[in-house]
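Now for the letters of each chain:
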Amino acid sequence: MNNTKATMLGIQHLLAMYAGAILVPLIIGGALGFSSAQMTYLVAIDIFMCGVATLLQVWKGKVIGIGLPVVLGCTFTAVSPIIAIGSGGSLGDVYGAIIASGIIIVLIGGLFGKLIPFFPPVVTGSVVTIIGISLIPVAINNMAGGQGAADFASGSNVALAFITLLIILVIYRFTVGFVRAIAILLGMVTGTIIGIFMGKVDFAPVADASWLHIMQPFYLATPTFNASAILTMTLVAMVSLVESTGVYYALSDITKKDLTSKDLSKGYRAEGLASIIGGIFNAFPYTTFSQNVGLIQMSGVRDRKVIFITGGMLVALGFLPKLAALTTIIPTPVLGASMLAMFGMVITQGVKMLAPEIQKSMENAMVAALGVGLGIGVATVPGIFENLPSWMSILTSNGIVAGSVTAIFLNVLFNMIGPKRRDPMHVME
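This one's a predicted model, so the numbers in the text were calculated from it and none came from an experiment.

Analysis parameters
- Residues numbered from 1 in each chain as written.
- Predicted model: local features only at pLDDT ≥ 70, side-chain atom pairs only at ≥ 80, totals over all residues.
- Heavy atoms only, no water.
- Helix = DSSP H or I, 4+ residues; strand = E, 2+ residues; numbered from the N terminus.
- Buried < 20%, exposed > 50% of the residue type's maximum accessible area, 1.4 Å probe, protein only.
- Contact = heavy atoms within 4.5 Å.
- Areas by Shrake-Rupley, 256 points an atom, 1.4 Å probe, with all protein chains shown as cover.
- Lys, Arg positive; Asp, Glu negative; His and termini not counted.
- Charge placed at Lys NZ, Arg CZ, Asp CG, Glu CD.
- Salt bridge = Lys/Arg side-chain N within 4 Å of Asp/Glu carboxyl O.
- Patch = residues over 30% accessible without salt bridge, like charges linked within 9 Å, V, L, I, M, F, W, Y side chains within 5 Å.
- Phe/Tyr/Trp six-rings, centres within 6.5 Å; stacked < 30°, edge-to-face > 60°.
- Lys NZ or Arg CZ within 6 Å of the ring centre and 35° of its normal.
- Axes fitted to C-alpha atoms, helices over the stretch in contact; angles between N-to-C directions.
- Parallel < 35°, antiparallel > 145°, perpendicular 65-115°, else oblique.
- Left-handed = near helix turned anticlockwise from the far one by under 90°.
- Nonpolar A, V, L, I, M, F, W, Y, C, P; charged D, E, K, R; others polar.
- Core = buried A, V, L, I, M, F, W, Y, C linked by side-chain atoms within 4.5 Å.

## Structural notes on the overall build of the protein
Looking only at helices and strands, the protein features 19 helices and two strands. Structurally, the protein occupies a C-alpha span of about 65 × 55 × 45 Å along its principal axes. A burial count over the protein gives 55% of its 429 residues as buried. Restricting to contacts in the protein with at least 6 residues of sequence separation, those with at least 24 account for 83%. Here the protein displays about 18000 Å² of accessible surface, and carbon together with sulfur accounts for 68% of that area. Here the protein holds 21 positive side-chain charges and 16 negative ones, and the gap between their average locations is 12 Å.

## Notes on the pattern of salt bridges
For the structure on display, the rule yields three salt bridges. For Asp263, the salt bridge goes to Lys60, with nearest N and O atoms at 3.7 Å. With Asp263 in helix 12 (residues 261-280) and Lys60 in the loop between helix 2 (36-58) and strand 1 (72-74), the pair connects residues that are 203 residues apart, well separated along the chain. Since its relative accessible area comes to 7%, Asp263 is described here as buried. Between Glu357 and Lys360 there is a salt bridge; the shortest N-O distance is 3.2 Å. Here the residue Glu357 and the residue Lys360 both occupy positions in helix 16 (residues 332-360), the gap between them amounting to three residues, near one helical turn. What makes Lys360 partly exposed here is its relative accessible area of 48%.

## Overview of a nonpolar patch on the surface
On the surface, Phe118, Phe409, Leu413, Met416 and Ile417 cluster together to form a nonpolar patch covering roughly 440 Å² of accessible area. Inspection of the secondary structure assignment puts Phe118 in the loop between helix 5 (112-115) and helix 6 (121-143). Of the residues examined, Phe118 reaches a relative accessible area of 33% and is grouped as partly exposed.

## Let's talk about the packing of aromatic side chains
Applying the stated criterion across every chain, the model contains five aromatic pairs. For the pair Phe112 and Phe119, a centre-to-centre distance of 6.3 Å together with 35° between the ring planes defines the contact as tilted. No difference in accessibility class separates Phe112 from Phe119, as the two residues are buried. Taking the centre distance of 6.2 Å and the plane angle of 40° together, the rings of Tyr248 and Tyr268 count as tilted. You can see Tyr248 sitting in helix 11 (residues 227-255) and its partner Tyr268 sitting in helix 12, a full 20 residues away along the chain. On the basis of relative accessibility, which here comes to 0%, the residue Tyr248 falls in the buried class. Residue classification places Tyr268 among the buried positions, given a relative accessible area of 1%. Feature note: the residues Phe112, Phe119, Tyr248 and Tyr268 constitute an aromatic cluster, connected by ring pairs. Arg180 extends its terminal NZ or CZ atom over the ring of Tyr172, reaching a point 4.1 Å from the ring centre. In this structure, Lys322 packs its charged tip against the face of Trp211, placed 5.2 Å from the ring centre.

## Let's talk about the packing of helix 6 against helix 17 (residues 362-380)
Look at helix 6 against helix 17: their axes get within 9 Å of each other, and the N-to-C directions meet at 30°. The orientation of helix 6 with respect to helix 17, classified from their angle, is roughly parallel. Where helix 6 crosses over helix 17, the two elements pack in a sense that is right-handed. Contacts between helix 6 and helix 17 involve Val122, Ser126, Thr129, Ile130, Ile133 and Ser134 from the former and Asn364, Val367, Ala368, Gly371, Val372, Gly375 and Ile376 from the latter. Its residues assigned to classes, the contact of helix 6 with helix 17 shows seven nonpolar, six polar and no charged.

## Here's the deal with the environment of Leu340
Tracing the chain through its elements places Leu340 in helix 16. Measuring from C-alpha to C-alpha, the distance between Leu340 and Asn2 comes to 40 Å, with 338 residues separating the pair along the chain.

## Section: the nonpolar core
In this structure, Phe76, Met188 and Tyr286 are the most contacted members of the largest nonpolar core, which totals 121 residues. Those residues in contact with Tyr286, other than ones at most four positions away along the chain, are Ile45, Asp46, Met49, Cys50, Ala53, Leu72, Gly73, Cys74, Glu271, Ala274, Ser275 and Gly278. Judged by nonpolar contacts, the second largest core, of five residues, contains Val201, Ala209, Ala325 and Ile329.

## As for unusual backbone geometry
Backbone geometry at Ala153 places phi at a positive 65°, although glycine is not the residue there. Positionally, Ala153 belongs in the loop between helix 6 and helix 7 (155-174). Of note in this structure, Lys256 is not a glycine but carries a positive phi near 60°. Checked against the element boundaries, Lys256 lands in the loop between helix 11 and helix 12.

Encoded structure:
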């Protein structure tokens, strides 16, 4: 393949994942009250780390790197937990937990395959569903202009949000292929242009940003290590690894390359190492982006050279704060509309994972019912366990942890120990 074609395909992969990549820092930074300068850094370092994580994974080494044409970005699974940790504790707790969870993943990378039975689709589907539902209030608040905004729920904010959502839907309905794959990105761009005419865009952050900067370790916060936060992010990392395993096998099938347990271990370690580096530079944990798998399937190009180019471009873009600052001027209602679409897709992914499992047995239905129910319940009413002993707060202070542990425990109880009963769901009808 010539370099021109490879570069064009690399740009296509970059565009396909770009909306997902920039949404994560914009959501987290907005929820934690970052300044425009901090937001610019957060977006820039995230883009940079997406490139680093991708290169670590595409490169096939002796210890790390699965060597498949896979693109990495920050997992949406981590958004709600990071906001919860940062809001309830400190930013240092967030980065300490990301670093510690990355170290744990690197250490257990060789053994994780044996832990996968504890994370069947009924468990991971429950966790993904909890995360998606818990993120919806963030999207709705942003559609109204952002919680605490002077013009919260104003007619212009709501109108801009729904205009953006309509644009995304029209693009998604009447286009195919690559254009459809970047419908949310195109909707954000169009919504921002409309926002300019509505007086909702401030270009000051772009004017203030420098053209070039060098990444700094611990720029936003020095890591602190909180047991509850570490457990939360480790659970998130394990769920992400299970999701990544599915992507690995999908790419294995597309590229006609058989995967060994050693290959999987190297893939897990690469994701763990990316999280460690991400935490050091105050970025995020990273996982495989499934949208790029669809792009590989669509284009039929399986050459790793294309993904190396994508990774290199992401690293280069990370050094350009002006470009990162451009993403921070997106009006909050536009961002909220994009979030609603993307978080809604997270929920549907969780439901898709759960549906066949629930049909298999009433036990699985109970695992999902109590896991999701308790997870959302704790997220909605966080004070329910406040009178329990403090040592239990590691399991009860966070809805995602509470729901995950519940689903894991019930799956072990119903499906892994003792006689297995597989009553068809139709007996409930």
